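This is what each chain is made of:
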Amino acid sequence: MSLTGSSMASSAAKRTFEFGRTHVVRPKGKHQATVVWLHGLGDNGSSWSQLLETLPLPNIKWICPTAPTQSISLFGGFPSTAWFDVADLTEDSPSDMEGLDASAAHVANLLSTEPSDIKLGIGGFSMGSATALYSATCAVEGKFGNGNAYPVNLSAVVGLSGWLPMARTLKNKVEGSQEGVARAASLPLLLCHGKVDDVVQYNHGAKSSEVLSSTGFKKLTFKTYDSLGHYTIPEEMDEVCSWLKTHLALDGSDS
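Here the structure is a predicted model, which means the values were calculated and not measured.

### Considerations on helix α4 (residues 167-175)
Thinking step 1. Taken residue by residue, α4 has Ala-167, Leu-170 and Val-174 as its buried positions. Looking down the long axis of α4, one finds its buried residues gathered within 20 degrees of arc, a one-sided arrangement.
Thinking step 2. Where α4 is buried, its residues contact α3 (127-141), α5 (178-186) and α6 (202-215).

### Structural notes on the confidence of the model for the protein chain
Thinking step 1. Overall, the prediction assigns the protein chain a mean pLDDT of 90, with 91% of residues at 70 or greater.
Thinking step 2. The low-confidence segment residues 1-12 (pLDDT under 50) makes 39 contacts with residues lying over four places distant or belonging to another chain.

### Observations concerning the packing of aromatic side chains
Thinking step 1. For the structure on display, the rule yields seven aromatic pairs.
Thinking step 2. On the numbers, 6.2 Å between centres and 75 degrees between planes, the contact of Trp-37 with Trp-62 is edge-to-face. With Trp-37 in strand β2 (residues 33-38) and Trp-62 in strand β3 (residues 60-64), the pair connects residues that are 25 residues apart, well separated along the chain.
Thinking step 3. Take Trp-37: its relative accessible area is 1%, and that puts it in the buried class.
Thinking step 4. Owing to a relative accessible area of 1%, Trp-62 belongs among the buried residues under this scheme.
Thinking step 5. Note on Tyr-202 and Phe-222: the rings are 6.1 Å apart at their centroids and 25 degrees apart in plane angle, and the pair reads as stacked. Residue Tyr-202 is found in helix α6, and its partner Phe-222 is found in strand β9 (residues 220-225); the two are separated by 20 residues along the sequence.
Thinking step 6. An aromatic cluster of three or more residues is present, and its members are Trp-37, Trp-48, Trp-62 and Phe-125.

### What to know about helix α2 (residues 97-112)
Thinking step 1. For α2, with 16 residues, the first-to-last C-alpha span of 22 Å sits near the 22 Å given by 1.5 Å per residue.
Thinking step 2. Taken across its 16 residues, α2 has 13 buried, putting it largely inside the fold.

### Quick notes on the sheet that holds β2
Thinking step 1. Read from one edge of the open sheet, seven strands run β1-β3-β2-β6-β7-β8-β9, paired in mixed fashion. Only two strands of the sheet have a single neighbouring strand rather than two, namely β1 (23-25) and β9. Ignoring strand direction, the axes of neighbouring strands in this sheet form an average angle of 15 degrees.

### As for unusual backbone geometry
When glycine is set aside, most residues are seen to have a negative phi, and most peptide bonds are trans.
Thinking step 1. One non-glycine residue, Ser-126, lies in positive phi territory at about 60 degrees.
Thinking step 2. When you line up the elements, Ser-126 lands in the loop between β6 (119-125) and α3.
Thinking step 3. By relative accessible area, which is 7% here, Ser-126 ends up buried.
Thinking step 4. If you check the backbone angles, Met-166 has positive phi at about 60 degrees while not being a glycine.
Thinking step 5. A residue is classified by how much of its surface remains accessible, and Met-166, at 5% relative accessible area, is buried.

### Here we look at the environment of Phe-19
Thinking step 1. Inspection of the secondary structure assignment puts Phe-19 in the segment before β1.
Thinking step 2. The class of Phe-19 is partly exposed, set by a relative accessible area of 22%.
Thinking step 3. The spacing of Phe-19 and Asn-148 is 129 residues in sequence and 20 Å in space, taken between C-alpha atoms.

### Details of the pairing of strand β8 (residues 189-194)
Thinking step 1. Across the six residues that make up β8, a large majority, six, are buried.
Thinking step 2. Here β8 shows a buried face lined by Leu-189, Leu-191 and His-193 and a second buried face lined by Leu-190, Cys-192 and Gly-194.
Thinking step 3. Both strand β7 (residues 156-160) and β8 contribute to a ladder of four bridges, which runs parallel. Across the sheet, residue Leu-160 finds its bridge partner in β8, namely Cys-192.
Thinking step 4. As defined by bridge partners, β8 adjoins β9 across six bridges and the pair is classed as parallel. Residue Cys-192 lies in a different strand from β9, and its bridge partner there is Lys-223.
Thinking step 5. A crossover links β8 with its parallel partner β9, the connecting element being α6, and its sense is right-handed.

### Side note on the pattern of salt bridges
Thinking step 1. Inspection of the entire model under this criterion finds five salt bridges.
Thinking step 2. For Lys-61, the salt bridge is made with Glu-114, and the minimal N-O distance between the two is 2.9 Å. A residue pair is termed long-range when its members are at least 10 positions apart, and Lys-61 in strand β3 and Glu-114 in the loop between α2 and β6 qualify at 53 residues.
Thinking step 3. Assessed through its relative accessible area of 12%, Lys-61 is described here as buried.

Rules used throughout
Residues numbered from 1 in each chain as written. Predicted model: local features only at pLDDT ≥ 70, side-chain atom pairs only at ≥ 80, totals over all residues. Heavy atoms only, no water. Buried < 20%, exposed > 50% of the residue type's maximum accessible area, 1.4 Å probe, protein only. Helix = DSSP H or I, 4+ residues; strand = E, 2+ residues; numbered from the N terminus. Arc of directions from axis to C-beta. Contact = heavy atoms within 4.5 Å. pLDDT = per-residue confidence, 0-100. Phe/Tyr/Trp six-rings, centres within 6.5 Å; stacked < 30°, edge-to-face > 60°. Expected span 1.5 Å × (residues − 1). Pairing = 2+ DSSP bridges. Axes fitted to C-alpha atoms, helices over the stretch in contact; angles between N-to-C directions. Right-handed = clockwise from strand over helix to strand, strands pointing away. Salt bridge = Lys/Arg side-chain N within 4 Å of Asp/Glu carboxyl O.

Below, the structure written as structure tokens:
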């Protein structure tokens, strides 16, 4: 999905976003990193917090917020928990910049109160992945789409079964700033996508990876799974664990 014109909500009055409950999984060992993890459309923070708690990553604190409930164009206006409004999953669908900025700012605010010696990351599934990748582009540009400064330094971003919002405008924004080019080159990204995903098609994930790579994200890893649909599997989560241990420089022990 990418921006082709004005944002989806540009003609509407300024929206208010009421985020739901935030679930926190405390580290079982020494706290070395904090990762905000974002659920998919219609889900909530609780379901992912239960899965993340089982991972062999004792040095990570997981923060799992719940998206606002809002009217979704894809569902004919029916309300659902969502990080932003979405009309359809095609290259020509407009992006809801107001919703993206609100959610990316909420995530950044959750990370901004963490201790200064803690490494910070963002991850997500499906629409949560899209929001995580949008956050990565804001971190690289040093500002949100609305021009407000992006307040935290990210050490890792993970996106599962997702896509890159605002893809068509990204390259010009990053290449227009020497600082942006440097930040893009140094920020590690992990993208994973199933080849039989029937919700966010594989080609959207592959195209997102190509756009990010061509924009200068040199530390990008794109993993594909031949028989994976729109869900996660242990093999994929093993990859996430291994990758996070490496890129967040986590201890191998739980002390």
